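Single-letter residue listing:
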Amino acid sequence: MNTKEALELLIKELQGFCLHERFIKELSALLKKELKGKESRFFKLLITQLKNIKDFGVMVHTVDNNEKIHGGDGHFYSIHFQQAQFNIRFLVYIFDDGTAYFLSAFYERSGKRSSDYTNQIPVLEQRLRELKEENRNV
């Protein structure tokens, strides 16, 4: 699967979700570098995790090693995509009605970042405000 095919599939799978423009850029960079040649395995996990978000909403932290991020208003979550070849995290905000805003995507390197994302809360809150404002203007 080449990068163009991967991006087309990604767009299809993420339809109906709200994505911050920085999230899109971060995910695109991951596909070009860390996930190159591993796209099909990643997309299999992606489809599962998107289904989990739709099915479980704010309870998504109860499945597949996903985590509720401490801090903020309790609606930030870390969605985990891990296999032997990669370890990707999506940081999302999920409203009580199940609406999900995808705010950040990154490659989690072992020992480089702990699963305590409280230092990310100000960035996530800023991106959340920006998405809310964009959606108000649509």
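Here, every reference points to the structure presented above.
Residues numbered from 1 in each chain as written. Predicted model: local features only at pLDDT ≥ 70, side-chain atom pairs only at ≥ 80, totals over all residues. Heavy atoms only, no water.

A. Region of interest: the overall build of the protein chain. For the protein chain, the helix and strand inventory stands at four helices and five strands. Starting at the N terminus and walking to the C terminus, you meet the elements of the protein chain as α-β-α-α-β-β-β-β-α. Taking 14 Å as the expected radius of gyration for a compact globule of 138 residues, we find that the protein chain reaches 14 Å, a close match to that expectation. Taken along its principal axes, the extent of the C-alpha atoms in the protein chain is 35 × 35 × 25 Å. (Helix = DSSP H or I, 4+ residues; strand = E, 2+ residues; numbered from the N terminus. Rg over C-alpha atoms; globule rule 2.2 N^0.38 Å.)

B. Molecular detail of the packing of aromatic side chains. Inspection of every chain in the model, using the stated rule, returns twelve aromatic pairs. Arranged with centres 5.1 Å apart and planes meeting at 80°, the rings of Phe17 and Phe102 form a pair that is edge-to-face. Placement of Phe17 in the loop between helix H1 (3–13) and strand S1 (18–19) and of Phe102 in strand S5 (residues 100–107) is noted, with a sequence separation of 85 residues between them. Here the aromatic rings of Phe42 and Phe43 are separated by 5.6 Å at their centres, their planes lie at 65°, and the arrangement is edge-to-face. The exposure class assigned to Phe43 is buried, which follows from its relative accessible area of 2%. In this structure an aromatic cluster arises from ring pairing among Phe17, Phe23, Phe42, Phe43, Phe81, Phe86, Phe90 and Phe102. (Phe/Tyr/Trp six-rings, centres within 6.5 Å; stacked < 30°, edge-to-face > 60°. Buried < 20%, exposed > 50% of the residue type's maximum accessible area, 1.4 Å probe, protein only.)

C. Inspection of helix H2 (residues 21–32) at higher detail. When the terminal C-alpha atoms of H2 are compared, their 17 Å separation across twelve residues agrees well with the 16 Å that a helix rising 1.5 Å per residue should span. The complete set of buried residues in H2 reads Phe23, Glu26, Leu27, Ser28, Leu30 and Leu31. (Expected span 1.5 Å × (residues − 1).)

D. View of the environment of Val123. Residue position: Val123 is located in helix H4 (residues 121–136). The exposure class assigned to Val123 is partly exposed, which follows from its relative accessible area of 40%. Val123 sits 67 residues away from Phe56 along the chain, and the two C-alpha atoms are 25 Å apart.

E. Main features of H4. Relative to the 22 Å expected for 16 residues at 1.5 Å per residue, H4 spans 22 Å between its end C-alpha atoms, a close match to the ideal helical length. The complete set of buried residues in H4 reads Ile121, Leu124, Arg127, Leu128 and Leu131. All buried residues of H4 lie within an arc of 125° about the axis, which places them on one face of the element. For H4, exposure combined with an orientation more than 90 degrees from the buried face picks out Pro122 and Arg136. (Arc of directions from axis to C-beta.)

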